[in-house]
Amino acid sequence: MRAFLSLGSNLGDRTAHLRRAVDQLRAGSDPSVTAVSQVYETEPVGGPDDQGAFLNLVVELAVSDTVDPYRLLEQCHRLEAAAGRVRTVRWGPRTLDADLIWIDGILLDDPELTVPHPRWRERRFVMAPLAELAPDLVGPDDIETAGGEVRIVGMV
């Protein structure tokens, strides 16, 4: 089974924040990283107008059929904390944003966590890198209808 995390940064050394988060995920033994998309630069979607562009990527994790989605959410929060993320403004600038996007076979909707992510199909900064890793989940029409512009800037 697969799970996908979306990572983004628009404060400080954006590339270093993403690289550190991916390295932290790779350093853990469970779940293991099986793929990392290219890095995309994107304009912010939502939030204040005065924030800089984001760098975004998607990470694929190999998870068991007994995966605990809340454990993956906690892992996202640990990555954000390690990057020094401070939550002050919703959808505001941040050193690292880590979102659980998808887990094969899991549908969950409660106040703490929704899987798949409730806005994943609306955001090109999620759809474009996800299409690299999971073309079975994202078709060309999905990318075209998603909001925002993206451009590939490299790898971490």
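Trainee: Would you take a moment to explain unusual backbone geometry for this structure?
Mentor: As a rule of thumb, non-glycine residues mostly have phi less than zero, and peptide bonds are mostly trans rather than cis. Omega for the peptide link from V115 to P116 comes to -5 degrees, which places this bond in the cis form. Tracing the chain through its elements places P116 in the loop between β7 (114-115) and α3 (124-133).

Trainee: Sorry if this is basic, but what is going on with the environment of R26 here?
Mentor: Within the secondary structure, R26 sits in helix α1 (residues 14-27). Along the backbone, R26 and N56 are 30 residues apart, and their C-alpha atoms lie at a distance of 17 Å. Discounting residues that sit within four places of it in the chain, R26 has contacts with V33 and V36.

Trainee: Would you take a moment to explain the pattern of salt bridges for this structure?
Mentor: Pairing between side chains of opposite charge can happen when the charged atoms of each approach one another. Throughout the structure, instances matching the rule amount to eight salt bridges. Between R94 and D97 there is a salt bridge, with its nearest N and O atoms 3.7 Å apart. Each member of the pair R94 and D97 is classed as buried. A salt bridge links E149 to R124; the shortest N-O distance between them is 3.7 Å. Of this pair, E149 sits in the loop between α4 (140-145) and β8 (150-154) while R124 is found in helix α3, placing the two residues 25 residues apart along the sequence. Among the residues examined, E149 registers a relative accessible area of 58% and is labelled exposed. Each of R2, D104 and D136 takes part in one network of salt bridges that share partners.

Trainee: What exactly am I supposed to notice about α3 here?
Mentor: Given 3.6 residues to a turn, an α-helix orients residues that are three or four positions apart in the same direction. Of all 10 residues making up α3, nine are buried, and the element is well covered by its neighbours. Turning to α3, its buried residues are R124, F125, V126, M127, A128, P129, L130, A131 and L133.

Trainee: I'm lost on the nonpolar core in this one. Help?
Mentor: Across soluble globular proteins, nonpolar side chains show a tendency to be buried alongside one another. Counting residues in hydrophobic clusters, the biggest one holds 27 residues, and the most contacted among them are L7, L57, V59, L61, L72 and I103. Listing elements by their share of this core, those giving two or more residues are β1 (2-9), α1, β2 (32-36), β4 (54-62), α2 (69-82) and β5 (97-103). Setting aside chain neighbours within four positions, we find I103 in contact with M1, R2, A3, V63, V67, P69, L72 and V115. V58, I101, F125 and V138 belong to the second-largest nonpolar core, a separate cluster that totals 15 residues.

Trainee: Mind showing me how you'd approach the environment of E122 here?
Mentor: Along the polypeptide, E122 turns up in the loop between β7 and α3. On a C-alpha basis, the gap between E122 and E144 in space is 9.9 Å, while along the polypeptide they are 22 residues apart. When near neighbours in sequence (up to four residues on either side) are disregarded, E122 contacts A146 and G147.

About the criteria used
- Residues numbered from 1 in each chain as written.
- Predicted model: local features only at pLDDT ≥ 70, side-chain atom pairs only at ≥ 80, totals over all residues.
- Heavy atoms only, no water.
- Helix = DSSP H or I, 4+ residues; strand = E, 2+ residues; numbered from the N terminus.
- Contact = heavy atoms within 4.5 Å.
- Salt bridge = Lys/Arg side-chain N within 4 Å of Asp/Glu carboxyl O.
- Buried < 20%, exposed > 50% of the residue type's maximum accessible area, 1.4 Å probe, protein only.
- Core = buried A, V, L, I, M, F, W, Y, C linked by side-chain atoms within 4.5 Å.

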